[in-house]
Amino acid sequence: MSFTINSHHRSFKSLHLPLKIFIFNSTFSRHLTSCSNRSSNSIDAESFFTFLLQKSTRKVHLSQIQNHLIVHGLQSNGFVITKFINRSFELKEIDYARQVFDEFPDRHVFLWNAVIRGYSMHKMFDKVIEMYSAMQIAFVNPDAFTFPYVLKACGDLPELGFGRAVHAQILRHGFDNDAFLRNGLLSFYVKCDESVSARVVFDQMKVKDVVSWTLIVSGYVQNGEAVEALRVLRNMRESGVNLDWIASVSALKACSDIGDLNQGRCLHGLVIRMGYELEPDLRVALVSLYAKCGEATAARSLFYEAKVVDVMLWNSIISGFAKSGYASEALELFNQMIGRSIRPDAVTIQSSVLASAQIGSLEQAKRMECYVNASSYRHDGVIRTALIDMYAKCGSVELARRVFNHTTTKDVVVWSAMIMSYGINGWGRDALALFHEMKMAGVCPNEVTFLGLITACSHSGLVEEGWEVFHSMRGYGVEPRQKHYGSIVDMLGRAGDLGKAYRFIEAMPVDPGASVWGALLSACEVHRSVWLGERAAERLLSLGAFDAGHHVLMSNLYASVGLWGGVDRVRELMRSRGVCKDSGCSAVEICGA
DNA sequence: GTAGGGTTAG
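Residues numbered from 1 in each chain as written. Chains lettered and ligands numbered in written order. Predicted model: local features only at pLDDT ≥ 70, side-chain atom pairs only at ≥ 80, totals over all residues. Heavy atoms only, no water.

**Overview of the overall build of chain A**
Spelled out, the test is: Helix and strand assignments follow DSSP, with helices taken as H or I runs no shorter than four residues and strands as E runs no shorter than two, numbered in order from the N terminus. To sort residues, take the accessible area from a 1.4 Å probe on protein chains only and compare it with the maximum for the residue type: under 20% means buried, over 50% means exposed, and anything in between is partly exposed. Note that accessible areas follow from Shrake-Rupley with a 1.4 Å probe, and for residues the cover is restricted to the protein chains shown.
Helix and strand counts for chain A come out as 33 helices and zero strands. Expressed as a percentage of its 593 residues, the buried residues of chain A come to 47%. Here chain A has roughly 29,300 Å² of accessible surface; of this, 53% comes from carbon and sulfur atoms.

Right, here's the structure in full:
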């Protein structure tokens, strides 16, 4: 152990501490003895107490130290008290730290920062904001270290209005050229989904470092604009800023979001050239990319060759496999994990429940529910939602409902999942009744609730009711989106009213997207409407969204009316565009096997 | 003592 005696600017007297009083803990007293032996005559009071604070591990140590500060007249030494407050927060003695602060007469900005930092450390963001406000009332000027914590609090809560006011105060206090704070502001606007303000802050930056670029890239990724994110990333490299490993993580996430395996592979190569391939957290992003894109071999080798295998790495491969048609592999890995006594977390379980849903086996679903019920996550809202969805996908509305009934706190997501469960299984009336019940319970519907309701009407032939739901959305403050329009087209198409579906698309207030034309195309396939099907296919082609499934629909449509020339044209198109038909499969469970 | 990332239900 080394203990250097610092010479601080403050003067001090030789200390005569009755050290025996400190002897309540052998480790703590050992430090004290060692310390006092080394500096027997005169020691720096501040350094001594700083050292003591570092070695204290319990509240009783803190209160002993506090007593001695008083004895030695250091109770109003701001330097020591700041350290004292920092250590109290580190030891999770939050109320105690606050009490010391409240009782301190001369509150310098450092002291305020210590309390604000402490609350931030414990994610008590409302307290951060409360202290920042109190600081202003006390006429203490914040410094460059105050704002980052306050901005983080505003971003995490999120508290857009307050954050905007903080932005104004940063300008007023003359910190507008502080590069660190500009990145903090950017982070705040990104977290609040304020892409316009984020962009303004970003564009006004004189110096954009890799952090600034990473923030704006992750903002686009968060917004579902992965293509734009990758474009910005190219700009970054063109402007001479190199990717570091964190920026690479965001870039890889953008690739996996849009399934751009080629660009992902290029980035992987770049990452290797830059020497980041062993970075454990980057490996999570790589495994996730390959697993989500269905590159099972690549994902596995990266996984098994990893030096650090933490829960997140397990999660990345399990959830990636669950989403890319490798559900049984995902469950196999989940079992391996349990076999090796590695504790799954909520994300692991969510992903494994999803994998069970994809498999579609009721027996597996029941096993999964048993596992959840025996775990500490049995009341986790997200996992209960996943269980409801799982049973619905395995065809058991009753078991989904049982999970729903046993869920104590039902948020809008849980209600929506149950409505969707009824919907996809054709229990339209029950979905509508549950929606009514949900409103009675005072829960506000969101866009997914309406998607579930329209799906329910669509799958049950309740066309009138579906229209009614669709037209009522805005009354609940929910703007219809592409998926809702697509779902209505699907509903009209299933009912055989292709003309009405087409007119509905024509009258849409927003440009119809791929989901809308895709819904029309599949309705055309069912009802053998070649003319309209060709219109839909043309639009999908021009949107660049004519995928393998659409080729198959078109080919089947031509075949169903005997237009074999059309079938050949589609086949030729598939060959020329390098599209492969995804191998489809269906599973039937017999006696639980 | 200050800013960026990855796994995550409907």
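From this point, things continue past the structure.
**Concerning the pattern of salt bridges**
The line we're drawing: Here, a salt bridge means any Lys or Arg side-chain nitrogen found within 4 Å of an Asp or Glu carboxyl oxygen.
Summed over all chains, the structure comprises 19 salt bridges. Across the salt bridge formed by R199 and D203, the nearest N and O atoms sit 3.4 Å from each other. You can see R199 and its partner D203 sitting in helix 11 (residues 195-204), four residues apart, about one turn around the helix. By relative accessible area, which is 26% here, R199 ends up partly exposed. E479 is the partner of R474 in a salt bridge, and the nearest nitrogen-oxygen pair spans 3.0 Å.

**Side note on the UniProt feature "repeat: PPR" (unreviewed entry) in chain A**
For clarity, the cut-off: UniProt positions are given in the numbering used here, feature names are shortened, and annotations may be inferred rather than shown by experiment.
Those places that UniProt annotates as "repeat: PPR" (unreviewed entry) correspond, in this numbering, to residues 108-142, 209-243, 310-344, 411-445 and 446-480. Secondary structure content for residues 108-142 is 74% helix and 0% strand, and the end C-alpha separation is 10 Å. The distance separating the terminal C-alpha atoms of residues 411-445 is 10 Å; by composition the span is 74% helix and 0% strand.

**A short note on the protein's contact with DNA strand B**
Stated formally: We call a residue near a molecule or strand as soon as one heavy atom of that residue lies within 4 Å of the molecule or strand. Polar contacts here mean pairs of N or O atoms no more than 3.5 Å apart (in protein, one a potential hydrogen donor and the other a potential acceptor; neighbouring residues in sequence count only if both atoms are side-chain atoms). Residue polarity follows a fixed list, in which Ala, Val, Leu, Ile, Met, Phe, Trp, Tyr, Cys and Pro are nonpolar, Asp, Glu, Lys and Arg are charged, and the others, Gly among them, are polar.
Inspection of the region around DNA strand B gives 42 residues, with N113, N183, D281, N315 and K323 positioned closest. Protein-proximal atoms of DNA strand B, defined as those within 4 Å of the protein, fall in sugar or phosphate at a share of 43%. Between DNA strand B and K292 there is a distance of 3.5 Å, counted from a phosphate oxygen to a side-chain nitrogen or oxygen. Take N315: an N or O atom from its side chain is 2.6 Å from a base oxygen of DNA strand B. Split by residue class, the surface near DNA strand B holds 18 nonpolar, 13 polar and eleven charged.

**Observations concerning the side chain of N77**
As for its placement among the helices and strands, N77 is situated in the loop between helix 3 (59-71) and helix 4 (78-90). What makes N77 buried here is its relative accessible area of 11%. Looking at N77, its side chain comes within polar contact range of the main-chain nitrogen of F79, at 2.9 Å. Polar contacts involving the side chain of N77 include one to the main-chain amide nitrogen of V80, which spans 3.0 Å.

**Some points on the packing of aromatic side chains**
Each aromatic ring pair is summarised here by two numbers: the centre-to-centre distance and the angle between the ring planes. Which entries qualify depends on this criterion: Any two rings among Phe, Tyr and Trp, with Trp reduced to its six-membered ring, count as a pair given centres within 6.5 Å; such a pair is stacked if its planes are under 30 degrees apart, edge-to-face if over 60, and tilted if neither. Here, a charge over a ring is recorded when the distance from Lys NZ or Arg CZ to the ring centre is within 6 Å and its angle to the ring normal is within 35 degrees.
Following the criterion strictly, the structure yields 24 aromatic pairs and no others. Ring geometry for F147 against F175: centres 5.7 Å apart, planes inclined by 65 degrees, an arrangement best described as edge-to-face. On the criterion of sequence distance, the pair formed by F147 in helix 8 (residues 146-156) and F175 in the loop between helix 9 (160-172) and helix 10 (179-191) is long-range, its members being 28 residues apart. Residue F147 is classed as buried on the basis of its relative accessible area of 0%. A centroid spacing of 6.5 Å and a plane angle of 55 degrees characterise the contact between Y502 and W517, whose relative ring orientation is tilted. Of the two residues, Y502 sits in helix 29 (residues 498-506) while W517 sits in helix 30 (residues 514-526), which places them 15 residues apart along the sequence. Look at W517 and you get buried, because its relative accessible area is 2%. Linked through ring pairs, Y132, F147, F162 and F175 together constitute an aromatic cluster. Sitting above the plane of the W531 ring, R535 keeps its charged end 4.9 Å from the centroid. Between the NZ or CZ atom of R569 and the centre of the ring of Y558, over which it lies, the distance is 5.7 Å.

**With respect to helix 24 (residues 412-424)**
What counts here: What a helix should span is 1.5 Å times the count of its residues minus one. Only heavy atoms enter the contact rule, under which two residues are in contact if any of them lie within 4.5 Å.
Taking 1.5 Å per residue as the helical rise, helix 24 with its 13 residues ought to reach 18 Å, and the 18 Å between its terminal C-alpha atoms agrees with that figure. Extensive coverage of helix 24 is indicated by the burial of ten of its 13 residues. Of the positions making up helix 24, those classed as buried are V412, V414, W415, S416, A417, M418, I419, S421, Y422 and G423. Contact partners of the buried residues in helix 24: helix 22 (381-393), helix 23 (397-405), helix 25 (428-440) and helix 26 (447-460). Of the residues flanking the end of helix 24, it is G426, one or two places downstream, whose phi is positive at about 80 degrees.

**Let's talk about the packing of helix 22 against helix 23**
The following threshold applies: Lines fitted to C-alpha atoms define the axes here, with helix axes fitted over just the stretch in contact, and angles between the N-to-C directions of these axes take values from 0 to 180 degrees. Geometric relationships in this document are graded by angle, where less than 35 degrees denotes roughly parallel, more than 145 denotes roughly antiparallel, 65 to 115 denotes roughly perpendicular, and other angles denote oblique. Left-handed describes a crossing in which the near helix is turned anticlockwise from the far one by less than a right angle; the clockwise case is right-handed.
Running from N to C, helix 22 and helix 23 point in directions that differ by 165 degrees, and their axes come no closer than 7 Å. In terms of orientation, helix 22 lies roughly antiparallel with respect to helix 23. For the element pair helix 22 and helix 23, the recorded crossing hand is left-handed. Within the contact between the two elements, helix 22 uses R384, L387, I388, Y391 and A392 and helix 23 uses L399, A400, V403 and F404.

**Regarding the packing of helix 26 against helix 27 (residues 463-472)**
Closest axis-to-axis distance for the helix 26/helix 27 pair is 8 Å, and the angle between their directions is 165 degrees. Considered as vectors, helix 26 and helix 27 are oriented roughly antiparallel to each other. Like other packed secondary-structure pairs, helix 26 and helix 27 cross with a definite hand, here left-handed. Facing F450, L453, I454 and C457 of helix 26, the residues of helix 27 in contact are E465, G466, V469, F470 and S472.

**What to know about helix 16 (residues 280-292)**
Given 3.6 residues per turn, any residue in an α-helix points the same way as the ones three and four places further on. In a regular helix each residue adds 1.5 Å, so 13 residues correspond to 18 Å; helix 16 covers 19 Å between its end C-alpha atoms and thus fits that length. Of all 13 residues in helix 16, ten are buried, a share of seventy percent or more. Looking at helix 16, one finds that the buried residues are L282, R283, V284, A285, L286, V287, S288, L289, Y290 and A291. Those residues of helix 16 that are buried are in contact with helix 14 (245-258), helix 15 (261-273), helix 17 (296-304) and helix 18 (311-323). Once helix 16 ends, the next one or two residues include G294, with phi positive near 80 degrees.

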